[in-house]
Amino acid sequence: RSTPLYSSAASDVYKRQVFEVINDLADLSQVSDFFSAAGVEEQIGDEVSSITIFAPTNTAMEALDITALQEFAQLVQLSDILQFHIVPGDFYLSQLSDGTGLTTLKGESLMVQIGDQSTIRIQDSLVTQADITAANGVIHIIDTVLIPGTIKTEISTQTPTLEEPLEHPLGT
C-alpha cells in the first residue's frame, strides 16, 4: 500500500517551521541566507507562536542596488529590515481585504491592496505565491523587498544636497 506523494509532502510541510520551509525553496535562498545571517529566527524565539512571512524572491533581492544596501547598513541593522517582512499571527490571503493594515514585528504597518484580477499587493510588492503553510505560520512570496517607511525617511533626510547654507553671510 503506497501513500500518494502529495499527501506525504503536505503533511511534512505542516511539521516544519517557516524558516525551514523557506530554506528549502530554491527561489528564496537569498532571503533565507539573510534571515540566517541576521539571526532573525533566534531573535523571534518563543515570543511569537505563529508568524506570517512576506518573503522576497532571489530576483527581488538582486534588484536592490548595492548603494541602497550600503545606506541601509549604515542606518539600521539588517534584522530590522527583515523583521519588516514578518507579521505575528497566521494571515492567509483569504483573510485579507483591501486596505487592511498588518503590524510587523518592528511595529510598522504593511498595507494590503487588492486590485483587478484579484492581484494582491503588500505595500508595492506583488504576492506571486500565497499561503505556503508551515507548522508555525504561513509564507507569501513577493516580488520586491519591503522597505520600512522609517528607513525610507532616514535615507531621504540623509541625501546630500548640492547647496550648503552659508553659516556666515558674506560682508558681515
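The next thing to look at is the overall build of the protein. When helices and strands are counted, the protein shows eight helices and seven strands. Among the 172 residues that make up the protein, the fraction classed as buried is 36%. Relative to all contacts within the protein whose residues are 6 or more apart in sequence, the contacts with residues 24 or more apart total 63%.

What follows is about the environment of Asp90. Along the chain, the position of Asp90 falls in the loop between β2 (86-88) and β3 (101-103). Taking the C-alpha atoms as reference points, Asp90 and Ser49, 41 residues apart in sequence, are found 9.5 Å from one another. Engagement of the side chain of Asp90 in a polar contact is seen with the side chain of Ser50, the distance being 3.5 Å.

Ranked by internal contacts, the top residues of the largest apolar core, which has 24 residues, are Phe19, Phe35 and Ile53. The set of elements that each furnish at least two residues to this core consists of α2 (18-24), α3 (29-38), α4 (40-44), β1 (51-56), α5 (58-63), β6 (125-134) and β7 (137-142). Among the elements that take part in this core, α2 stands out by supplying four residues, more than any other. For Phe19, the residues in contact, after removing those within four places along its chain, are Phe35, Val40, Glu41, Ile44, Ile51, Ile53 and Ile86. In terms of nonpolar packing, the next biggest core, distinct from the first, is built from 13 residues, Leu93, Leu96, Leu110 and Leu146 among them.

On to the side chain of Thr104. Assignment of secondary structure puts Thr104 in the loop between β3 and β4 (109-114). When its relative accessible area of 3% is taken as the criterion, Thr104 is described as buried. For Thr104, the residues in contact, after removing those within four places along its chain, are Gln83, Phe84, Ile86, Val87, Pro88 and Leu110.

Another point: the pairing of β7. Buried residues dominate β7, accounting for six of its six residues. Every second residue of β7 is oriented toward a common face, with Gly137, Ile139 and Ile141 on one face and Val138, His140 and Ile142 on the other, all of them buried. Relative to β7, β6 is paired through five bridges, and the arrangement is antiparallel. Bridge assignment links Thr133 to a residue of β7, and that residue is Val138.

Take the confidence of the model for the protein next. Chain-level pLDDT for the protein is 78 on average; 70% of the residues reach the 70-or-more range. Note on residues 1-11: pLDDT under 50 across the span, and zero contacts to partners over four residues away in sequence or across chains. Scored below 50 in pLDDT, residues 157-172 makes one contact in the model with residues more than four places away or belonging to other chains.

Moving on, we come to the pattern of salt bridges. Summed over all chains, the structure comprises one salt bridge. The partner of Arg16 in a salt bridge is Asp24, with the nearest N and O atoms 2.1 Å apart.

With that out of the way, let us pick up the pairing of β1. Across the six residues of β1, six count as buried, placing the element largely inside the fold. Bridge count between β1 and β2: three bridges; the pairing is antiparallel. In the sheet register, Thr52 faces β2, and the bridge partner there is Val87. Bridge analysis of β1 against β7 gives six bridges, and the strand direction is parallel. Residue pairing across strands places Ala55 opposite Ile141, the latter belonging to β7.

Procedures and definitions
Residues numbered from 1 in each chain as written. Predicted model: local features only at pLDDT ≥ 70, side-chain atom pairs only at ≥ 80, totals over all residues. Heavy atoms only, no water. Helix = DSSP H or I, 4+ residues; strand = E, 2+ residues; numbered from the N terminus. Buried < 20%, exposed > 50% of the residue type's maximum accessible area, 1.4 Å probe, protein only. Contact = heavy atoms within 4.5 Å. Polar contact = N/O pair within 3.5 Å; in protein donor to acceptor, adjacent residues only side chain to side chain. Core = buried A, V, L, I, M, F, W, Y, C linked by side-chain atoms within 4.5 Å. Pairing = 2+ DSSP bridges. pLDDT = per-residue confidence, 0-100. Salt bridge = Lys/Arg side-chain N within 4 Å of Asp/Glu carboxyl O.

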